[in-house]
Amino acid sequence: MKKYSFLILTVALVAVMGLRPTGCLAASGAKDYPASLFGIRSDGQTLNTRSIQFGIDYINKNGGGRLVFEVGRYLTGSIHLKSGVTLELKEGAVLLGSLNPFDYDKLLLTALIFAYDQEDIAITGKGVIDGQGRALAFNVTDLIHKGLVQDLFRNDRPEADKRAMLINFRSCKNVLVEGITLRNAASWVQTYDQCRNLRIDSIYVDSKAFWNNDGIDIVDCDSVAVMNSYIDSDDDGICLKSHDASKFCNNIFIHNCTIRSSANAIKFGTASYGGFRHIRIAGIKVFDTYRSAIALEAVDGGFIEDVVVDSLQATNTGNAIFLRIGERVAGKKGRLENIRIRNMQVEIAATKPDAGYEYEGPIEDMPRNISPIVITGLPGALISGITLENVEVKYPGGGNPLFARVGSGTAPGAMAGTLDSVPERPAAYPDFSMFRELPAWGIYIRHAQKITCNGVSLTAEKKDYRTAIVLDDVHQSQFRSAHIKEPGKKNPFYQYKSSEITVTVLGP
C-alpha cells in the first residue's frame, strides 16, 4: 500500500475550493462578550434560552464578535445564530439541551442551534454541546402517548423531525465548526443544508443516544471541507444528501477522519434527488462499522460523478464498497459514473461488527454471507467508469450455503450460477445486504460498463462455496493483476451476459 503526504493535498484542495476562514474569525479586533454579561447562568438548571438569544442578537447588531462560554453547564432550548457571531465554548463549558420538548423550535427540522440565511458564523472551542438526546426522545414519546403531540410513531419511536438535532444550518455562507465535542443528539447530530464555504475541523462526535444519529449530514452544499475529526455514531458517520432536484453537493473534501458507525461510515444518499459532483475523500480510518466503509447510492433520480476515494483503511466492517443505482422515484433512474477508489485496505468482520454498541444495526439482517464489494446498476441504467486500484480486501470466508435458503431474497438456484434469480429491487431502500445472498465472496458487479480493476487483492481465509468475482451484464471492462487467494482450487471468475471483458493475472 503506497503512502502519500496529504499536507500538500489538503492545502491545494482547500485553496482550490476557496475554503477560507470565516469573516467573523478573520476580522481583526472582533470583540469577545462573556456569557455572564447577558445574565447567562452556568449552573445547569437555569433555562438560558432567552438570555443566550439576546446575547447573539446584541452581538449581531453591534458589528459581530464572539459570545464566550467559560467553564460551566448552560441549559438552553433552541437558539438562532446570526451573521457575524461566533459561539466560543471554552474547555469545560457545556451547552446543555433542555429535556422539555416544548423548549425547541421547529423550522424545517427541530434543533438546538439554528442558522438560516446567515453568513460569517462559527461554533468553536474545546467545549461540549450535549443534547441529552435519549431522555429528550423519551419525553417526546411520553407526549405522544398522552395525545399532546401528533406523530406517526413508526417502529415505536417518534419521527426524526420531532426530535431535536444539535445543529441545523441552512442557506448559510462562510461557516466554521471547529474543535468542539458534539454529544447525545436526539436525532441527526448536525445538518448543513444548501450552505457554501463550510469548514468542519477537529471536532469529536459521540452520538449513540437514540435512533437516526447521523454524525454529519451535508445536504446540497458547495465548497465544504470536513477534516481531522472523529465520529462515533449509531447511524451513518458522514452522510452526503441531495434533497432538491435542482441542486447538488459540489466540491466536497473529506480528509483525515476516523469513523465508527452502526450504519455506513461514508455514504452518499439515500436522499439523492439532485446529485453529487467533485468529491475528494482521503486518509480515512473506519472501524467496527455495521454496513459499508463507503456507499455511493444514486437511487432518487440524481447523479453521482467525479468522486475520488484515496487511502481508506477499514477494520471489522460489514462491507467494503457499495455502489448502487436505483429507481425509488418511478421513471427516474439515477446516474453513477466516473468514480475512482484507490489505495484501500479493508478487513471484513467475521461476526456482527458493531455488536455491543448502543443502538446497533438491525439484527434481522443477520446472519448472511458477505459480498465485500457490490456494484449494481439497473437494466438500461448502467454504472459506468469505475476504477478500483490497489484495493485489498480480507474476508473470513467459510460462507454457509444454507443461509441462501432462508428469508427473502436470492433463490437457491442463484448460488449455482442462475444469476437471473438475483432480484433487481429498483425501489428498495439501498444497502449492501438488500439482495440478501449474492453469488460472489469477493466482487459482485451487475449492470455496469467500463469497470477497471487494477491491482485488486481478494483473500478468503476459509474456503467459500461461492466464486470470487462474478459479473452479470457487464461490458467493456478489464481486470488487471487481480490476486485471488482462497483455500482449495476453483475458477475464481465467472461472467454472465457480459461482453468485452479482459482478465489478466488471476491467482495468488
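Residues numbered from 1 in each chain as written. Predicted model: local features only at pLDDT ≥ 70, side-chain atom pairs only at ≥ 80, totals over all residues. Heavy atoms only, no water.

Trainee: Got a minute to help me understand the pattern of salt bridges in this structure?
Mentor: Two side chains that carry opposite charge are able to pair once their charged atoms sit near each other. Throughout the structure, instances matching the rule amount to 33 salt bridges. Taking the shortest distance from any N to any O, the salt bridge between Asp 32 and Arg 66 comes out at 2.7 Å. You can see Asp 32 sitting in strand E1 (residues 31-34) and its partner Arg 66 sitting in strand E3 (residues 65-69), a full 34 residues away along the chain. Residues Lys 162 and Asp 151 are paired through a salt bridge, measuring 3.5 Å at the closest nitrogen-oxygen approach. Placement of Lys 162 in the loop between helix H4 (133-145) and strand E12 (165-170) and of Asp 151 in the loop between H4 and E12 is noted, with a sequence separation of 11 residues between them. Assessed through its relative accessible area of 28%, Lys 162 is described here as partly exposed. Salt bridges linked by common partners bring Asp 32, Arg 66, Glu 88 and Lys 90 together as one network. (Salt bridge = Lys/Arg side-chain N within 4 Å of Asp/Glu carboxyl O. Helix = DSSP H or I, 4+ residues; strand = E, 2+ residues; numbered from the N terminus. Buried < 20%, exposed > 50% of the residue type's maximum accessible area, 1.4 Å probe, protein only.)

Trainee: What exactly am I supposed to notice about the side chain of Thr 49 here?
Mentor: Summarising the element assignment, Thr 49 is placed in helix H3 (residues 49-61). At 2.7 Å, the side chain of Thr 49 and the backbone nitrogen of Gly 77 are in polar contact. Apart from residues lying up to four places away in sequence, Thr 49 is in contact with Leu 75, Thr 76, Gly 77, Ser 78 and Ile 79. (Polar contact = N/O pair within 3.5 Å; in protein donor to acceptor, adjacent residues only side chain to side chain. Contact = heavy atoms within 4.5 Å.)

Trainee: Explanation requested: the nonpolar core in the structure shown.
Mentor: If you look at soluble globular proteins, the nonpolar side chains tend to sit buried side by side. Phe 69, Phe 169, Tyr 192 and Ile 218 are the most contacted members of the largest nonpolar core, which has 124 residues in total. Contact partners of Phe 69, with chain neighbours within four places excluded, come to Ala 35, Ile 40, Ile 52, Tyr 74, Leu 87, Glu 88, Leu 89, Lys 90, Ala 93 and Leu 95. (Core = buried A, V, L, I, M, F, W, Y, C linked by side-chain atoms within 4.5 Å.)

Trainee: Could you clarify how one ought to interpret the packing of aromatic side chains in this entry?
Mentor: The relation between two aromatic rings is expressed through the spacing of the ring centres and the mutual angle of the planes. Applying the stated criterion to the full structure yields 17 aromatic pairs. When the centroid spacing of 5.7 Å and the interplanar angle of 80 degrees are considered together, the rings of Phe 169 and Tyr 192 count as edge-to-face. Placement of the pair is Phe 169 in strand E12 and Tyr 192 in strand E15 (residues 190-193), with a sequence separation of 23 residues. Take Phe 169 and Tyr 192: they sit in the same class, and that class is buried. Pairwise contacts between aromatic rings join Tyr 33, Phe 38, Phe 54 and Tyr 58 into one cluster. When the ring centre of Phe 248 is taken as origin, the NZ or CZ atom of Arg 277, which lies over that ring, is 4.9 Å away. The positively charged end of Arg 446 is found above the aromatic ring belonging to Phe 435, 5.4 Å away from the centroid. (Phe/Tyr/Trp six-rings, centres within 6.5 Å; stacked < 30°, edge-to-face > 60°. Lys NZ or Arg CZ within 6 Å of the ring centre and 35° of its normal.)

Trainee: Can you help me understand the side chain of Ser 98 in this one?
Mentor: By the element assignment, Ser 98 lies in the loop between strand E7 (93-97) and strand E8 (105-106). At a separation of 2.6 Å, a polar atom in the side chain of Ser 98 contacts the side chain of Asp 103. Among all residues touching Ser 98, those that are not within four sequence positions of it are Leu 47, Leu 75, Thr 76, Gly 77, Asp 103, Tyr 104 and Leu 136.

None of this, on its own, says anything about what the molecule does.
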